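Inside the fold
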Amino acid sequence: MVKDVRPNMILLSRIVMISLVGIIVLSLLLLFSSISDKDYSLERNIDNHRIGVSNFYNYKGKIYVAIPGSGHVEIPEADPLTFEVFSQNNNARQIGWDKSHVFCGDEIIPHLRTPITSLGNDLFTDGKMTYYCAWNTESKESFAISSIIGQILYILHLNKKPTYYYHPIKLMADDGRKFFSIKSSPFISTDGSSFYYQGERIEGAKDSLFPIVSLKDYQDKLKHSITSTSDSHYFSNGKQVFYKTKLLDIPYRNDLVTGSFSSWGSFEILYSLNGGKIFIDGKDLNPDTSPYHLLTLSDTYSEHVFFTNKNGVYFYDNENKKARKASSENVFKNYKEIEEGYFSNGEDLLFFLSDEKWGRRRNPGLKSYTTKVCMLQTQAKGTWHKWEEAGNLPIWQKGNEWYFLDYNGIRQGIKEGVYRITNKETFNARTEKEGFFYSSKVEKMINEGIFVPANYQVLFKAKTQLADKFSSDLLWILLIVVVIGLSTYFLLKKFNFNTDPFILEENTLRINNFIGKRYPIYDIHNVLFSIGERGQNGLIGKIKIISRNGKTSSEYRFLSTLFVLSDTEEAITKKIKELQKELARRGIQSQLLKE
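Residues numbered from 1 in each chain as written. Predicted model: local features only at pLDDT ≥ 70, side-chain atom pairs only at ≥ 80, totals over all residues. Heavy atoms only, no water.

1. Overview of the pattern of salt bridges
Applying the stated criterion across every chain yields a total of 14 salt bridges. For the salt bridge of Asp-249 with Lys-277, the shortest nitrogen-to-oxygen distance reads 3.4 Å. One end of the pair, Asp-249, is in the loop between strand 21 (246-247) and strand 22 (256-261); the other, Lys-277, is in the loop between strand 23 (267-272) and strand 24 (279-280), with 28 residues separating them in the sequence. On the basis of relative accessibility, which here comes to 56%, the residue Asp-249 falls in the exposed class. Note on Lys-277: relative accessible area 25%, which makes it partly exposed. Members of the salt-bridge network, linked through shared partners, are Asp-175, Arg-177 and Asp-191. (Salt bridge = Lys/Arg side-chain N within 4 Å of Asp/Glu carboxyl O. Helix = DSSP H or I, 4+ residues; strand = E, 2+ residues; numbered from the N terminus. Buried < 20%, exposed > 50% of the residue type's maximum accessible area, 1.4 Å probe, protein only.)

2. Thoughts on helix 8 (residues 569-585)
In a regular helix each residue adds 1.5 Å, so 17 residues correspond to 24 Å; helix 8 covers 25 Å between its end C-alpha atoms and thus fits that length. Of all the residues in helix 8, the buried ones are Ile-572, Thr-573, Lys-575, Ile-576, Leu-579, Gln-580 and Leu-583. Projected down its long axis, helix 8 carries its buried residues within an arc of 160°, all on one side. With respect to the buried face of helix 8, the exposed residues turned more than 90 degrees away are Glu-570, Lys-574, Lys-577, Lys-581, Ala-584 and Arg-585. Where the residues of helix 8 are buried, they touch strand 40 (502-504), strand 41 (508-511), strand 43 (524-533), strand 44 (539-547), strand 45 (556-558) and strand 46 (590-592). Within two residues after helix 8, Gly-587 carries a phi angle of roughly 80°, on the positive side. (Expected span 1.5 Å × (residues − 1). Arc of directions from axis to C-beta. Contact = heavy atoms within 4.5 Å.)

3. Points about a nonpolar patch on the surface
On the surface, a nonpolar cluster with roughly 720 Å² of combined accessible area is contributed by Val-16, Met-17, Leu-20, Val-21, Ile-23, Val-25, Phe-514 and Ile-515. Within the secondary structure, Ile-23 sits in helix 1 (residues 9-36). (Patch = residues over 30% accessible without salt bridge, like charges linked within 9 Å, V, L, I, M, F, W, Y side chains within 5 Å. Areas by Shrake-Rupley, 256 points an atom, 1.4 Å probe, with all protein chains shown as cover.)

4. Looking at the packing of aromatic side chains
Following the criterion strictly, the structure yields 31 aromatic pairs and no others. Taken together, Trp-387, Trp-402, Phe-404, Tyr-407, Tyr-419, Phe-427 and Phe-451 form an aromatic cluster joined through their ring pairs. (Phe/Tyr/Trp six-rings, centres within 6.5 Å; stacked < 30°, edge-to-face > 60°.)

In structure tokens:
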């Protein structure tokens, strides 16, 4: 007898099953370890163990640090008896030290020795070495893989508890150079010849560097000569303009200002008050011909940032990170912003409305958001002017009609932006009694019919379509299934796996599946083959083992070959005849039944 040495499905199926069980067990271990590892007494008594105003805690003879995104992390290298922090420095809460090490969060800063000095803007020095230790945290690269490996090593007591976020550390100098923080920005420092943004050198920045401030700070500086610290990430030396460490393709101008927009993703904008280029997070957004004019930074009813030039109106699509054209006509020409997000040329009123599309239970989440640019429709004559009797409330009058221009926004549940006041006397009485209008009071006015939504015409829309996460996840699942299927196919082909329904061993007939049940050859009376239907996928072969005592085995199914989606009677019959020949060579009777 020639022994069949080909790898079989018993081996393959068991390898797959063991792998799946291993993955499940590992997942459960990771889950339970993350749950059981939490020290709830530390969470409950956190304030009692805090060291000064820092992020560090001395709890039960161990030092912990609070890392945003990772929780409270033990620092096994830290000595609790000699551990110290900057006692009154809120801007150095991420730094601590003991007799042997200086720590930035839970990481040791290499070669830095005490005593250390805080230079401001996250710079620290011992006189020779100067490091940048970020106040904020960042997520680690290869987050998923490294965290799983780290957690496994932690469970096996081969490593400390893994952290998914960290405080970036950068060596600034090891030659004793002196560094100074720039007071006008929390991000900039200098060594007297070069400038640095969060520890990274800004190439080309010489002599001086200052932040390009927001419109409000710009106006305060003009009116009151007030210079305050700015959180802007745009900088200039009076000639060039930088975003963080990147040199931008724009010369410095005195009317450059910055602003932020926070509807469905926060970003920082650089623009010129008198018109020019526009940048968002350092990216040049000039799709056509400058100069461009930013319309507003109000996100009360606008889901998008709009800007204009002589050729039309554009908006920023934050999903695709690019500018798109909304209208070939600049309808905002000769209009001025009379309230945040509301524009008038004296006779007409333009404003924004927004619309959001959300998925349902099986496919939840935000699907798209739209901003509609609208023009108020009214028969009233005259020009728009603010109603003085309303005080600070945004009430505007045109002819014999009065309108409330809402400042609460859709996030406060107020769906429309402009409301016509139906009863002036009732509104006057309510204003005198209740004063400023919060969203709840506006809703009450709407419900009582004092405010009614104004009539308007939609001029054009700006829409952002979000990637369908459900479809994306489904696609990934299908892709993984296809990859596994193709890999299995090539694996079986390459190593010539035995896919027959049984294997004839020395003394047994063994079923070629995960269980691999054995039937002694001497006890086999007959092997019955048949062909049956496989639903809508053609036909399938069937086999049963009849023992000498008359007992019948379970029914086992097989295909003519593993690499077929729809089998035929001809192919299965041919396969059965081959199997019958193998059985006959071992003296085993077999029979093909007709169903």
